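Examining the three-dimensional arrangement
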Amino acid sequence: VKQCCVLGIESSCDETGVALVDMPAQGLPVLLAHALYSQIEMHQAYGGVVPELASRDHIRRVLPLTQQVLQDSGRTLVDVDVVAFTRGPGLAGALLVGAGVACALAAALGKPVLGVHHLEGHLLSPFLSIDPPEFPFVALLVSGGHSQLMRVDGVGSYQILGETIDDAAGEAFDKSAKLLGLDYPGGQALSKLAESGNPKAYKLPRPLLHSGDLDFSFAGLKTAVMVQTGKCAHAHGCAVADLPVAVLADLAASTQAAIVEVLVKKSLTALKQTGLKRLVVAGGVGANRELRQQLNAECARLKTRVHYPELHLCTDNGAMIAMAAAMRLQSGQQSAVNNYAFDVKPR
Ligand code: KG4
Ligand code: ZN
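Residues numbered from 1 in each chain as written. Chains lettered and ligands numbered in written order. Predicted model: local features only at pLDDT ≥ 70, side-chain atom pairs only at ≥ 80, totals over all residues.

On to the environment of L114, then. Note that L114 resides in strand β5 (residues 113-117). Between the alpha carbons of L114 and Q148 there is a distance of 24 Å; along the sequence they are 34 residues apart. (Helix = DSSP H or I, 4+ residues; strand = E, 2+ residues; numbered from the N terminus.)

Below you can see the structure in the form of structure tokens.
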């Protein structure tokens, strides 16, 4: 394996991310620069991501972001050896923008391309932190679209131990947040609101907590939050939006407590079942402060190391895509190709 420079492009949902990574022959790849544009504000008016608008905005942002990354890293396009892009899962039209741009750039430069699995990007993003993990480890991958526990023995060696049977953890945060009148995607806002609330104020279900397996279910929790919010509004004789902030904060804290308890409990079970002494958390929900505090405390008690991505690299970004591509290439798991007949895998 030769040292090489990897350009990564992420466009699976509502963030356009571009990054440049330097992959040495040995040792961890190094992030040279990355740039991100979030479309969240544009989608907020609709209460969720509008796929067609997302695709159009990726087209507007991707080349300026690429230029910015090259400038910030002091490189030029001819320094790029491999172009990587998110192949899926995600919104088809949005993915096609990244794939199209990646293949066009690579074809013009006469360089190979590499399609990356979005979740592998999240999974390997903690390797970009100042305290990178070592294999093997248990991974808790919790994003807006996925919730999984995995056993990870090396690059490309992933075994799913359990996953959600309905909503993802991020989805549970976002849907509950919407019920409390918070803007999309409400995960972060809900956790902010929860800071001043009492997590024991309302009794909400902990789905599958004692199921014995490592699967999750969050759809029922969302229904319980809806019922509880309705009861509060009824008791106060007002609409949910007009509830006192203290009540909304209690609802937020109780919701967060339910989600976090399930995630923590199942992570500990996975560690116990595998006998591994290392936990890696990745995906947007990995930014949640309460989740981090509880996992830190439990893992300290069990003398288990826990690793997270840098806070700003928890949600979607280009750095994780460039990193995953570089780690794949370095480990010989996947080679880049000169065939630009790109395809994407939305599901
Ligand atoms: O990984 P990500 O950017 O997108 C997917 O690949 O799905 O994750 C986004 C999800 C959203 O559901 C968002 O609400 C959630 O991560 N999220 C959080 C926090 N920050 C982002 N959830 C709880 N607490 C946070 N601080
Ligand atoms: Zn993601």
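Let's pick the thread back up.
This part takes up the UniProt feature "binding site: substrate" (unreviewed entry) in the protein chain. Mapped onto this numbering, the UniProt entry gives "binding site: substrate" (unreviewed entry) at L141, V142, S143, G144, G145, D174, G187 and N288. The contact partners of L141, leaving out residues within four places of it in the chain, are L119, H122, L123, H146, Q148, M150, A282 and G283. Dropping the residues within four chain positions of it, N288 is found in contact with S191 and V260. (UniProt positions renumbered as here; feature names shortened; annotations may be inferred. Contact = placed C-beta atoms within 7 Å.)

Sheet architecture is open: five strands sit in the order β8-β7-β6-β9-β10, paired in mixed fashion. For this open sheet the edge positions go to β8 (157-163) and β10 (305-307), each flanked by a neighbour on one side alone. For this sheet the average axis-to-axis angle between neighbouring strands, irrespective of direction, equals 25 degrees. On the sheet, helix α8 (residues 245-274) packs against β6 (137-142), β7 (147-154), β8 and β9 (278-282) and is oriented at approximately 155 degrees with respect to β6. (Pairing = 2+ DSSP bridges. Axes fitted to C-alpha atoms, helices over the stretch in contact; angles between N-to-C directions.)

What follows covers the pairing of strand β2 (residues 15-23). With eight of nine residues buried, β2 lies mostly within the body of the structure. As paired elements, strand β1 (residues 4-10) and β2 share seven bridges and run antiparallel to each other. Following the sheet pairing, I9 is matched in β2 by V18. Counting the residues in the hairpin turn of β1 and β2 gives four residues. As defined by bridge partners, β2 adjoins strand β3 (residues 30-38) across eight bridges and the pair is classed as antiparallel. What sits directly across from V21, in β3, is L31. (Buried ≥ 20, exposed ≤ 12 C-beta atoms within 10 Å, placed from the backbone.)

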